[in-house]
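# Commentary on secondary and tertiary structure
If you want the building blocks of each chain, they are given just below.
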Amino acid sequence: MKIATWNINGVKARHDVLLAWLEEAAPDIACLQEIKSVDDAFPGTAFEELGYRVETHGQKGFNGVAILSKVPLDDVSRGLPGDETDTQARYIEATLAHEGRPLRVGCLYLPNGNPLGTEKFDYKLDWMARLERHARACLEREEAFLLLGDYNVIPEPRDARNPQNWTDDALFQPESRSAFRALTNLGLADAVRLANQDEAVFTFWDYQAGAWQKNNGIRIDHVLMSPEATDRLDGVGIDAHVRGWEKPSDHVPVWVTLAA
DNA sequence: ATGCCTTGTCGCACAAGA
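Scope of this entry: the structure provided in the associated data block. The residue numbers shown here count from 1 along each chain, following its written sequence. Chains and ligands are labelled by the order in which they are written, letters from A for the one and numbers from 1 for the other. Given that the model is predicted, a residue must reach a pLDDT of at least 70 before its local features are reported, and side-chain atom pairs must reach 80 or more before they are shown or counted; all residues, however, enter totals for whole chains, interfaces and linings. Based on all heavy atoms of the structure, the side-chain values leave hydrogens and waters out of the count.

## Re the sheet that holds strand 3 (residues 53-57)
The test is simple: If DSSP finds at least two bridges between two strands, the strands pair. A helix here means a DSSP run of H or I that spans at least four residues, while a strand means a run of E at least two residues long, and both kinds are numbered starting from the N terminus. To obtain an axis, a line is fitted to C-alpha atoms, over the contacting stretch when the element is a helix, and the angle between two such axes runs from 0 to 180 degrees between their N-to-C directions.
Pairing within the open sheet is mixed, and its 6 strands lie in the order 3-4-2-1-14-13. Among the strands making up the open sheet, the edge pair consists of strand 3 and strand 13 (233-238). For this sheet the average axis-to-axis angle between neighbouring strands, irrespective of direction, equals 15 degrees. Bridge analysis of strand 13 against strand 14 (residues 254-258) gives 5 bridges, and the strand direction is antiparallel. Residue pairing for strand 14: V236 is matched across the bridge by V256.

## Considerations on the protein's contact with DNA strand B
What counts, and what does not: The criterion for a residue being near a molecule or strand is simple. One of its heavy atoms has to lie within 4 Å of it. Nitrogen and oxygen atoms within 3.5 Å of one another constitute a polar contact, given that in protein one can donate a hydrogen and the other can accept it, and given that sequence-neighbouring residues count only through two side-chain atoms. The classification used treats Ala, Val, Leu, Ile, Met, Phe, Trp, Tyr, Cys and Pro as nonpolar, Asp, Glu, Lys and Arg as charged, and all other residues, Gly among them, as polar.
By nearness alone, 26 residues border DNA strand B, and E34, K60, N112, Q208 and A209 come closest of all. Take Y109: an N or O atom from its side chain is 3.1 Å from a phosphate oxygen of DNA strand B. Here K120 contributes a side-chain N or O atom positioned 3.4 Å from a phosphate oxygen of DNA strand B. Class assignment for the residues of the surface near DNA strand B results in 9 nonpolar, 8 polar and 9 charged.

## As for the sheet that holds strand 8 (residues 144-150)
The sheet built from 6 strands is open, its strands ordered 5-6-7-8-12-9 with mixed pairing. With partners counted over all chains shown, the strands left at the sheet margins are strand 5 (74-78) and strand 9 (189-190), one partner each. Of the pairings in the sheet, the one linking strand 6 (residues 91-98) to strand 7 (residues 101-109) comprises 8 bridges and is antiparallel in character. Looking at strand 7, one finds that H98 is bridged to R101.

## Let's talk about helix 1 (residues 15-25)
Counted only if it meets this: A 1.4 Å probe rolled over the protein chains alone gives each residue an accessible area, and that area as a share of the maximum for its type sets the label: buried under 20%, exposed over 50%, partly exposed in between. Note on contacts: a residue pair is in contact if any heavy atoms of the two residues lie within 4.5 Å.
By the burial criterion, the buried members of helix 1 are H15, V17, L18, L19, W21, L22 and A25. Against strand 1 (2-7), strand 2 (29-33), helix 2 (45-49) and strand 4 (65-69) lie the buried residues of helix 1. In the segment just after helix 1, A26 is the residue with positive phi, at about 50 degrees.

Now the structure itself:
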């Protein structure tokens, strides 16, 4: 079973590229972020014709997440628990069956947090604290689950081509990195780092200043896995070539495959 | 030091992104 995450930066602008990637990569589950669409306006027909069910949690103009799935989804839940006043659409999760056992998939778009010294950075850290509490609750069930998406965190210096350029950025603050580390310290595995310890493993390249051509990237899209899911981990990949397609997102897909 | 692009918006410039 192949499960992927991709920040597509607008589902309407990315419709054809998303369709081409789904046909090429053929994931069973695709977790999407920044759909920038309300639920009713999500252009799902072409994806449904490929065999995907579509579950969205959208809002107008910004943010928005979705799960496309070739297998049935149960208990679809929208919004990250822990703050009923949070109106930003950044989290959706659902349960599916993998080899006869439940697998919970959480699709997340973590707040960017810039600029520093504003309520936006506080919101990022509050959101990460809620995510840790949610991860703890999920772990207590001792079942397989994935928390995957755009974390907007550069975990370590080797996860940026030019880490010195990010020292004043919310993505690379000690508080952001510590909050991400709190998740891995719970026992959640960073799938890409289980498979690949190299430098220059990136998932995002800015649209500006020829970042893609210079390979001036960062690794901010992550797949975190519970121990029960890691037991079944079979493969990990980053579809970086998609960044070179016409009209690309600035992020690329990251995926894992689970064995029986 | 700043902008460099891209997307969506009750557009005709701007906010937000990272």
